[in-house]
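Coordinate analysis (summary)
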Number of protein chains: 2
Amino acid sequence: MDTAPEALERVLTAAAEAAGPAGVSTPAERAAWLTAAADALDAAADELIELAAGETHLPAKPRLAGELARTTFQLRLFAEVLADGAFLDATVDHADPAWPMGARPDIRRMKIAIGPVLVFAASNFPFAFSVAGGDTASALAAGCPVILKAHPGHPRLSDRTGEILREALVGAGAPEGIFAVIDGVEVGVTALKDPRIAAASFTGSVNGGRALFDIANARPVPIPFYGELGSVNPVVVTPGAAAARGAEIAAGYAGSFTLGTGQFCTKPGLLFLPEGHGMTEALRGAVEGASAGQMLTEKIQEGFTAGLSALRDVSGMRVVADGPPTLLAIGAADFVAGGETVHEECFGPSSIVVEYADVNELIALLAGLQPGLTATVQGEESEAPLVAALMPVLTALAGRLLWNDWPTGVTVSWAQQHGGPYPATTAPTTTSVGTAAIERFLRPVAWQGFPDVLLPAALREANPWQLPRRVDGKLS
Amino acid sequence: MDTAPEALERVLTAAAEAAGPAGVSTPAERAAWLTAAADALDAAADELIELAAGETHLPAKPRLAGELARTTFQLRLFAEVLADGAFLDATVDHADPAWPMGARPDIRRMKIAIGPVLVFAASNFPFAFSVAGGDTASALAAGCPVILKAHPGHPRLSDRTGEILREALVGAGAPEGIFAVIDGVEVGVTALKDPRIAAASFTGSVNGGRALFDIANARPVPIPFYGELGSVNPVVVTPGAAAARGAEIAAGYAGSFTLGTGQFCTKPGLLFLPEGHGMTEALRGAVEGASAGQMLTEKIQEGFTAGLSALRDVSGMRVVADGPPTLLAIGAADFVAGGETVHEECFGPSSIVVEYADVNELIALLAGLQPGLTATVQGEESEAPLVAALMPVLTALAGRLLWNDWPTGVTVSWAQQHGGPYPATTAPTTTSVGTAAIERFLRPVAWQGFPDVLLPAALREANPWQLPRRVDGKLS
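Residues numbered from 1 in each chain as written. Chains lettered and ligands numbered in written order. Predicted model: local features only at pLDDT ≥ 70, side-chain atom pairs only at ≥ 80, totals over all residues. Heavy atoms only, no water.

Some words on the overall build of chain A
What counts, and what does not: Strands are runs of DSSP state E lasting at least two residues, helices are runs of H or I lasting at least four, and both sets are numbered from the N terminus onward. Here the globule rule is a power law, 2.2 Å times the number of residues to the power 0.38, and the radius of gyration is based on C-alpha atoms. The cut-offs for exposure are 20% and 50% of the maximum accessible area for each residue type, with area from a 1.4 Å probe on protein chains only; residues under the lower value are buried, those over the upper are exposed, and the others partly exposed. Computed by Shrake-Rupley with a 1.4 Å probe, the accessible areas treat only the displayed protein chains as cover when residues are assessed. In this tally, Asp and Glu contribute negative charge and Lys and Arg positive charge; neither His nor the terminal groups of the chain are included. Note that the charge is assigned to NZ on lysines, CZ on arginines, CG on aspartates and CD on glutamates.
Check the secondary structure of chain A and you find 15 helices and 17 strands. For a compact globule of 476 residues, the expected C-alpha radius of gyration is about 23 Å, and chain A comes in at 24 Å, within 12% of that figure. Principal-axis analysis of the C-alpha atoms gives chain A an extent of 75 × 60 × 40 Å. For chain A, the proportion of its 476 residues judged to be buried stands at 62%. Accessible area of chain A: about 16100 Å², with a carbon and sulfur share of 56%. In chain A, 31 side chains carry a positive charge and 51 a negative one; their mean positions are 6 Å apart.

Pasting the structure below:
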């Protein structure tokens, strides 16, 4: 049921009121909030997984149990980020009368919370990209109150997760308005337009994300909008790899594009194979041996049915394995002629094999792709010169490059990058997964000439928090 | 004269072709480009300063000579940033089968150049925020080709600076398309819409910047747009400071708001004084003793005349010193009632004294201000509790906070922050001055599972560039 206007107003007011205390809370305090949240969610695992399985058609084990474990791990990893302190980017330049451009005043810079964040939850990860997911975790870690617009695909789970999360946060000392769940498409738009919201994030379709991005930018005061949208996730198989590991690659590919019934933003949508690859039978067998479950929502099922139907109608398209899961194949010239239909993401359990004649044709095909979240190479180390020739075009295409691996399965770590040029995201300088995700919800502030007593603790001369800092240009 | 369509096409093609080699150039190579550029500009100082003085009406010394020194220093400081290497944010997570959320693959992340950058130059800093200014320096440092849309206020200077800059860069080994100057409002818009442009930056008015921001976001593929727009730059004088240093503060304030004929984005536009401050005569004397030169362009002069006229008409507005430079004064209630006219920036040599009754009224007045680039406190250390009460509202307002100093004069250093919530900038998570400005033109990429030989040097196991890196969560 949509959140009522008065309830939304209360939520926005509470978030605005919480922004001050949350923003000046210490990293250690916020680490305690996040740890309490992770513990509370873990304690409620059985209840939450049952709710999730009922609403999403995803299997309780290993999928949903694994996803919840990933979610609570993520909260705890951000507690580590807070303990580490480098995210503050604390920088101290002492006054320097000899600074070459002219005397330098004492100036000190760090990052602070940007303010209340509106998070639009995803359908396809009811835990990890939803109520207590990565956007929420990173915004809370930054010191921002979060208003979570629930995905209608799992409403009861969203409410219950939100209750547990909020109680745990407030119980651990966070201000009352630190977190709330709201429901309804128009309610989300109203919140996005509200001047009390300082930033927003979204995981979902290109159409939905672009519409919200446009609204965020059209505000009298535009705000940062971090949309994680569509991605075709090309996989390139070199001639050497096709010859050496054809059956293994076929099995890995089928497993990756059918995982979660193809409902991952990193699903490999295109497989580039050398002509004469001899892998068709292995591919057919692997795909026919894979299963496809019920999709997350009826709307997603309808979109997939329509998308697959359009793909089948593309001139030159062949059906390798009918399903779902469905594997299609097409030659290079027909792929190019197929335009947007073959170049844009089809969300669900299908993928397309594209056959290339030689490396020049392969590079030309890759150069014509939409950018996305990932690009993968299946190759042999003995082919390093060939692969090196592919790397520039692949790097231009994606935020994460993979070697002899599959793009589904996104680890949460310090080095993770989940983003990329549009339409992978609306903010290509950022990531929505991994510890760097916190940077989206921080803004830098400099203090010039202040006495120590008026500086934030992170910038005081004695470095009371023992932070890693850059002092007079040198990292300490 | 506007750049012809064929010439613009050549420039865009050359920039796109340069993006590959510039992007994979080493930081050491780019440091050599920037140093060569700084040397060439310094060598041409006499010629450039003469051109600038003729076109901008700004005095050759100390102003233009100082600004050119600042500009070449800035290029050299980015060479230091490149030598330092921390900007790459190199992060290595080794494979870890025991990673709590599930086995972690080897994953390594660093930042790479975003691609060709379009820079819109400012009118008011013909060197430091123009052809070879901070946006150009930081984008080149990132490895991005730059197309510079010249400001029509100093066309000959722009052409000549561009020639010297381009020759020096290419002479030092940069690719041919590394840099070009274009002219014309519509030419700039055409370039901004071109798919080969990956990011854009702007320094100028709220109206102009917002129009370009809207164009950048309306593209089929939207791009990051870094606009540095308007700022009122409030200064708060505490009762103790007014009593102890009234005359000194009056002199400093008059000097700051009339510097450069009031044509700085950090000009203090509002001075909050306690009622009964007794500083009126000192202020009048200081302002009457200051001078105002010819403004940069006729358009800017017209804007100032109209803005000042509107301010004079605001109910309750008093003229303390007529000019230009012009000092106005108003009571708190009339200031609030004055709406946008008094709350928005008036670019030029004028400023407004606002009188407050007590700290509660002061906080309410500050809470109603537009955010901006700076907020300043003139206070006494003995008033620390009072100032501490002001800090939350001031921090919410600005990207840089100053204590007993003046906001004009923006040092270029590691800790500088020149930005803030809209309308200070369209990208509040970034800065346009200081070493962190490079972050605007970089995007992160992760490499998962690659053999060492196929990794970028910055991420290889042996750390051949001796970079500061985070390895398995620990800073090294």
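Description of the environment of His343 of chain B
Residue and element names in this part refer to chain B. Note the threshold: Here a residue-residue contact requires only that any non-hydrogen atoms of the pair lie within 4.5 Å.
For His343, the position within the fold is in helix 13 (residues 339-343). Since its relative accessible area comes to 13%, His343 is described here as buried. Expressed as a C-alpha distance, the spacing of His343 and Ala282, which sit 61 residues apart in the sequence, is 25 Å. Other than its neighbours up to four places away in sequence, His343 contacts Val232, Phe335, Val336, Gly368, Leu369 and Gln370.

Things to note about the domain arrangement of chain A
All names here are of chain A. What counts, and what does not: These domain boundaries are the output of an automatic or database domain assignment. By buried area we mean how much accessible surface two parts lose on assembly, using a 1.4 Å probe and totalling the loss over both. By definition, a salt bridge exists where a carboxyl oxygen of Asp or Glu is found within 4 Å of a side-chain nitrogen of Lys or Arg.
Each assigned domain of chain A is listed with its residue range as follows: domain 1 (5-229 + 425-459) and domain 2 (234-403). The distance between the C-alpha centroids of domain 1 and domain 2 comes to 34 Å. At the interface, 11 residues of domain 1 touch 12 residues of domain 2. Carbon and sulfur atoms supply 63% of the area buried between domain 1 and domain 2, which totals about 910 Å² over both sides. When the area that domain 1 buries against domain 2 is broken down by residue, the three leading residues are His57, Asn124 and Glu228, summing to 45%. Put simply, domain 1 and domain 2 have 0 salt bridges between them.

Observations regarding the relation of the copies chain B and chain A
Here is the rule: C-alpha atoms of residues with pLDDT of at least 70 in both copies form the basis for the least-squares superposition of the copies.
Here chain B sits on chain A after a turn of 180 degrees about the axis and a move of 0.0 Å along it, with an RMSD of 0.0 Å. Taken together, the turn and the small shift mark the pair as related by a two-fold rotation axis. When C-alpha positions in chain B are compared against the rotation axis, the closest is assigned to Asn217 of chain B, at 3.7 Å.

Regarding the sheet that holds strand 7 (residues 225-228) of chain A
Strand pairing in a sheet relies on backbone hydrogen bonds, with the paired strands running either antiparallel or parallel. Residue and element names in this part refer to chain A. Condition: Strands are labelled as partners when DSSP assigns at least two bridges between them. Interaxial angle, 0 to 180 degrees, is taken between N-to-C directions of lines fitted to C-alpha atoms, where a helix line uses only the stretch in contact.
A sheet is described by the order of its strands in space; here 5 strands give the open sequence 5-4-3-6-7, paired in parallel fashion. One side of each edge strand has no neighbouring strand; the edge strands of this open sheet are strand 5 (179-182) and strand 7. The average undirected angle you get between the axes of adjacent strands in this sheet is 15 degrees. Contacts from helix 5 (residues 134-142) reach strand 3 (117-120), strand 4 (146-149), strand 5 and strand 6 (199-203), with the element oriented near 170 degrees to strand 4.

Some remarks on the pattern of salt bridges
Residues and elements named next belong to chain B. One pass over the full model with this rule turns up 40 salt bridges over all chains. In this structure, the salt-bridge partner of Glu9 is Arg196, at a minimum N-O distance of 2.9 Å. With Glu9 in helix 1 (residues 5-24) and Arg196 in the loop between helix 7 (185-193) and strand 6 (199-203), this pair connects stretches of sequence that are 187 residues apart. Exposure remark for Glu9: the relative accessible area of 37% places this residue in the partly exposed category. Of the charged contacts in the structure, one is a salt bridge between Glu248 and Arg245, with a shortest N-O distance of 3.8 Å. Of this pair, Glu248 and Arg245 both sit in helix 9 (residues 239-258), 3 residues apart, roughly one helical turn.

Some points on the UniProt feature "domain: Aldehyde dehydrogenase" (unreviewed entry) in chain A
Keep this limit in mind: UniProt positions are given in the numbering used here, feature names are shortened, and annotations may be inferred rather than shown by experiment.
Using the residue numbers shown here, the UniProt feature "domain: Aldehyde dehydrogenase" (unreviewed entry) corresponds to residues 5-411 of chain A. A helix fraction of 49% and a strand fraction of 17% characterise residues 5-411 of chain A, whose end C-alpha atoms lie 39 Å from each other.

Things to note about the interface of chain B and chain A
Spelled out, the test is: Between N or O atoms, a polar contact is any pair within 3.5 Å; within protein, one atom must be a potential hydrogen donor and the other a potential acceptor, and residues adjacent in sequence are included only when both atoms are from side chains. Amino acid classes used here: Ala, Val, Leu, Ile, Met, Phe, Trp, Tyr, Cys and Pro are nonpolar; Asp, Glu, Lys and Arg are charged; the rest, including Gly, are polar.
Contacts between the two partners involve 77 residues from chain B and, on the opposite side, 77 residues from chain A. For the chain B and chain A pair, buried surface summed over both sides reaches about 6200 Å², with 64% attributable to carbon and sulfur atoms. If you sort the residues of chain B by the area they bury against chain A, Met101, Trp414 and Gln448 of chain B come out on top, with a joint share of 11%. Counting across the chain B and chain A interface gives 2 salt bridges. For the interface between chain B and chain A, the tally reads 36 residue pairs in polar contact (both at pLDDT 80 or more). Top element by residues in the side of chain B that touches chain A is strand 15 (residues 442-448) of chain B. It accounts for 7 residues. Its residues assigned to classes, the side of chain B that touches chain A shows 45 nonpolar, 14 polar and 18 charged. Of the pairings in the sheet, the one linking strand 15 (residues 442-448) of chain A to strand 14 (residues 398-403) of chain B comprises 3 bridges and is parallel in character.

Observations regarding the environment of Gly473 of chain B
Positionally, Gly473 of chain B belongs in the loop between strand 16 (470-471) and strand 17 (474-475). Under the relative-accessibility criterion, Gly473 of chain B is labelled buried at 6%. Through-space distance from the C-alpha of Gly473 of chain B to that of Asp2 of chain B is 52 Å; in sequence the pair is 471 residues apart. Here Gly473 of chain B is in contact with Asp84 and Trp414 of chain A together with Asp93 of chain B, once residues within four sequence places are set aside.

Describing the pairing of strand 8 (residues 234-237) of chain B
Residues and elements named next belong to chain B. Just so we agree on the cut-off: A crossover counts as right-handed when, viewed with the strands pointing away from the observer, the path leading from the first strand over the helix to the second turns clockwise.
Of the two faces of strand 8, the one lined by Pro234 and Val236 and the one lined by Val235 and Val237 are each fully buried. At this point the chain moves from strand 8, through helix 9, to the parallel strand 9 (residues 270-274), and the crossover so formed is right-handed. In this structure, strand 8 lies alongside strand 13 (residues 372-378), joined through 3 bridges in parallel fashion. Residue pairing for strand 13: Val237 is matched across the bridge by Gln378.

With respect to the pairing of strand 12 (residues 350-356) of chain A
Residues and elements named next belong to chain A. Within strand 12, 7 of the 7 residues are buried, which leaves it mostly tucked inside the rest of the structure. Alternating residues of strand 12 divide into Ser350, Ile352, Val354 and Tyr356 and Ser351, Val353 and Glu355, and every residue in both groups is buried. Strand direction decides the pairing type here: strand 11 (residues 326-331) and strand 12, joined by 6 bridges, are parallel. The residue bridging Ile330 from the neighbouring strand is Val354, located in strand 12.

As for the packing of aromatic side chains
Cut-off, in case you're wondering: Stacked, tilted and edge-to-face are the three classes applied to pairs of Phe, Tyr and Trp rings, where Trp contributes its six-membered ring and a pair requires centres within 6.5 Å; stacked means planes under 30 degrees apart, edge-to-face means over 60, and tilted covers the rest. By definition here, charges over rings are those cases where NZ of Lys or CZ of Arg is within 6 Å of the ring centre and within 35 degrees of the ring normal.
Applying the stated rule across the entire model yields 22 aromatic pairs over all chains. Between Tyr226 of chain B and Phe441 of chain B, the ring centres sit 5.7 Å apart and the planes meet at 85 degrees, which makes this aromatic pair edge-to-face. Residue Tyr226 of chain B is found in strand 7 (residues 225-228), and its partner Phe441 of chain B is found in the loop between strand 14 and strand 15; the two are separated by 215 residues along the sequence. We note that Tyr226 of chain B, like Phe441 of chain B, is buried. Members of the aromatic cluster, each reached through a chain of ring pairs, are Phe120, Phe202, Phe213 and Phe225 of chain A. Geometry around Phe125 of chain A places Arg63 of chain A over its ring, the cationic atom sitting 5.0 Å from the centre.

Topic: the sheet that holds strand 3 (residues 117-120) of chain B
Residue and element names in this part refer to chain B. With parallel pairing, the 5 strands of this open sheet are ordered in space as 5-4-3-6-7. Looking at the sheet topology across the chains shown, the edges are occupied by strand 5 (179-182) and strand 7. Strand-to-strand twist in this sheet, taken as the mean axis angle between neighbours without regard to direction, amounts to 15 degrees. Across 4 bridges, strand 4 (residues 146-149) lies against strand 5 in parallel orientation. Bridge pairing in strand 5 places Val146 opposite Phe179. Against the sheet, helix 8 (residues 206-218) engages strand 3, strand 6 and strand 7, with an angle of about 175 degrees to strand 7.

Details of helix 6 (residues 155-171) of chain B
Each full turn of the α-helix corresponds to 3.6 residues, which orients residues three or four apart in the same direction. Residues and elements named next belong to chain B. Counted only if it meets this: Here the expected span of a helix is defined as 1.5 Å times the quantity of residues minus one.
An ideal rise of 1.5 Å per residue puts 24 Å on 17 residues; helix 6 measures up with 24 Å between its terminal C-alpha atoms. Here helix 6 has its buried residues at Leu157, Ser158, Thr161, Gly162, Ile164, Leu165, Ala168 and Leu169. Its buried side turned inward, helix 6 meets helix 2 (27-43), helix 3 (45-56), helix 5 (134-142) and strand 5. Just downstream of helix 6, Gly173 is the residue with a positive phi angle, here 110 degrees.

Examining the packing of helix 2 (residues 27-43) of chain A against helix 6 (residues 155-171) of chain A
Residue and element names in this part refer to chain A. Heads up, the condition is: In this scheme, roughly parallel covers angles under 35 degrees and roughly antiparallel covers those over 145, while 65 to 115 is roughly perpendicular and the rest are oblique. By definition, turning the near helix anticlockwise from the far helix through less than a right angle yields a left-handed crossing, and turning it clockwise yields a right-handed one.
The geometry of helix 2 relative to helix 6 is characterised by a closest axis approach of 8 Å and an angle of 140 degrees between their N-to-C directions. Between helix 2 and helix 6, the crossing angle belongs to the class labelled oblique. In this structure, the crossing between helix 2 and helix 6 has a hand that is right-handed. Contact residues: helix 2 offers Trp33, Ala36, Ala37, Ala40 and Leu41, while helix 6 offers Thr161, Ile164, Leu165, Ala168 and Leu169. A class-by-class count of the residues in the contact of helix 2 with helix 6 yields 9 nonpolar, 1 polar and no charged.

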